[in-house]
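Secondary and tertiary structure notes
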Amino acid sequence: MNILRAITAGVLLALAVSAAAIVFEQREFADAEQLQRYKTLIAELRCLVCQNQNIADSDADLAADLRREVHRMILEGNSDDTIIDFMVTRYGDFVLYRPPLKAKTVLLWGAPFVLGIGGVILLLVQLRRRHSDPATTTPLDAEQRARLRSLLDAD
Amino acid sequence: MSRYLLPLGVFIALVVLLGVGLSLNPRLVPSPLVGKPLPDFTLATLRSPDKSLARKDLTGKISLLNAWATWCVECRREHPVLLAIAAEGKVPVYGLNYKDQRPAALQWLQRLGDPYIASAFDGDGRVGLDLGVYGLPETFLVDEQGMIVYKHIGPISREIWESDFVPVIEGLRSGSG
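Note that the structure is a prediction, hence the values are computed from the model and not measured. (Residues numbered from 1 in each chain as written. Chains lettered and ligands numbered in written order. Predicted model: local features only at pLDDT ≥ 70, side-chain atom pairs only at ≥ 80, totals over all residues.)

Some details on the overall build of chain A
- Each helix and strand counted, chain A has seven helices and zero strands in total.
- Looking at chain A alone, contacts between residues at least 24 apart form 39% of all its contacts between residues at least 6 apart. (Helix = DSSP H or I, 4+ residues; strand = E, 2+ residues; numbered from the N terminus. Contact = placed C-beta atoms within 7 Å.)

Pasting the structure below:
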């Protein structure tokens, strides 16, 4: 019981610490739509310092600068495309979590489909082969059937 | 035996692909700014806040722009190399003091030596953002027309200077001369 209590306490403590670590910034917007655009944009832009985080989640200094920049550009009335362009001209496609389809990114976009379809084809081929394999379709003989019955009735 | 060849081949191909992927440095993001003009900027210099350093000060010649800060450990490692490059005098070296404190930066230059003709003081990092700076130190090689011809992320070592920068500089010189 004590161990359980200790684990619970540990989990609660970890939650409290991680909640405290979440970046909190006061941002003023003209309307709810701007706020929504801000949230969407910072979730889609990647932080270049801690590369597996978007700039919404990242604590890095650079991410804070980029959030400030996105906020400023929204207030100035820039469209989402303009803001994305602004980031891409400075940091390249890498800054986007959804990079555009280009010659360089064909493998990135195409590989999942190729592998997925390849896997399905492989599976179908295997299933068909197994189906036509005489070894698995031979009916059980009387002795085997008796053994099967005794196994099933064992419980 | 042959039924294992296909899976084995696929496995080996995957190992090679992932092996190459692992050997790449994910921090080296290709800069979209190489081959583009150096963004326009005007900033106060580090030494005298009433004087400014602007884009036009760097153009008209081949120059080096090095983004640095006192909080950047790798910049300290790079510093002696920059001093040597400046002493060599092949290209003028300019600094961009990125998101730093003025007194600390001045003290650093006084203590370790100043390789820069001038350093622009980019306290809020706004110019750094235009330059796509994300990990100090970063060094831009700018040609006479003000185009960024080369960018290096991370500290420049003697070897990197000789192998990556010098040939480009000499190529530019022989091309224009």
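Next comes the rest of the account.
Some words on the overall build of chain B
- From N to C terminus, chain B includes six helices and seven strands.
- Secondary structure elements in chain B, listed N-terminal to C-terminal, are α-β-β-α-β-α-β-α-β-α-β-β-α.
- For 177 residues, the compact-globule estimate of 2.2 N^0.38 gives 16 Å, and chain B exceeds it by more than 25% at 20 Å.
- For chain B, the spread of C-alpha atoms along the principal axes amounts to about 80 × 40 × 30 Å.
- Within chain B, buried positions represent 33% of all 177 residues.
- In chain B, of all internal contacts separated by at least 6 residues, the share reaching a separation of at least 24 is 73%. (Rg over C-alpha atoms; globule rule 2.2 N^0.38 Å. Buried ≥ 20, exposed ≤ 12 C-beta atoms within 10 Å, placed from the backbone.)

A few points about the interface of chain B and chain A
- Contact residues are listed per partner, giving 12 residues for chain B and 13 residues for chain A.
- Residue composition of the side of chain B that touches chain A, grouped by class: six nonpolar, four polar and two charged. (Nonpolar A, V, L, I, M, F, W, Y, C, P; charged D, E, K, R; others polar.)

Focus: the pairing of strand β7 (residues 148–153) of chain B
Residues and elements named next belong to chain B.
- As judged from the five bridges shared by strand β6 (residues 138–142) and β7, these two strands associate in the antiparallel manner. The residue bridging phenylalanine 140 from the neighbouring strand is lysine 151, located in β7.
- Hairpin connection between β6 and β7: a loop of five residues separates the two successive antiparallel strands, and glycine 146 in this loop has a positive phi of roughly 85°. (Pairing = 2+ DSSP bridges.)

Points about unusual backbone geometry
- With an omega of -10°, the peptide bond between leucine 136 of chain B and proline 137 of chain B qualifies as cis.
- Mapped onto the fold, proline 137 of chain B is located in the loop between α5 (126–130) and β6.

A look at the domain arrangement of chain A
- Structurally, chain A comprises domain 1 (28–100) and domain 2 (107–152).
- The C-alpha-based centres of domain 1 of chain A and domain 2 of chain A are spaced at 49 Å. (Domains from an automatic or database assignment.)

Details of the packing of helix α2 (residues 32–44) of chain A against helix α3 (residues 61–75) of chain A
Residue and element names in this part refer to chain A.
- Relative to each other, α2 and α3 sit at 145°, their axes nearing to 10 Å. Like other packed secondary-structure pairs, α2 and α3 cross with a definite hand, here right-handed. Of the residues in α3, those in contact with Gln34, Arg37, Tyr38, Leu41 and Ile42 of α2 are Arg67, Val70, His71 and Ile74.
- Taken together, the residues of the contact of α2 with α3 break down into five nonpolar, two polar and two charged. (Axes fitted to C-alpha atoms, helices over the stretch in contact; angles between N-to-C directions. Left-handed = near helix turned anticlockwise from the far one by under 90°.)

Topic: the sheet that holds strand β3 (residues 63–68) of chain B
All names here are of chain B.
- Strand order in this open sheet of five strands is β5-β4-β3-β6-β7, and the pairing throughout is mixed. Each of the sheet's edge strands pairs with one partner strand only, and the pair in question is β5 (119–122) and β7. Within the sheet, the average angular offset between the axes of one strand and its neighbour, ignoring direction, is 15°.
- Relative to strand β4 (residues 93–98), β3 is paired through five bridges, and the arrangement is parallel. What sits directly across from asparagine 66, in β4, is glycine 95.

Some words on the pairing of β3 of chain B
Residue and element names in this part refer to chain B.
- For β3, a buried count of six out of six residues is recorded, marking the element as mostly surrounded by other parts of the structure.
- Side chains Ser63, Leu65 and Ala67 of β3 all project onto a buried face; the interleaved residues Leu64, Asn66 and Trp68 project onto the opposite face, where all are buried too.
- Direction of pairing for β3 relative to β6: antiparallel, over a ladder of five bridges. Bridging from a neighbouring strand, leucine 65 pairs with phenylalanine 140 of β6.
- As for the winding sense of the linkage, the β-α-β connection from β3 through helix α3 (residues 73–88) to β4 is right-handed. (Right-handed = clockwise from strand over helix to strand, strands pointing away.)

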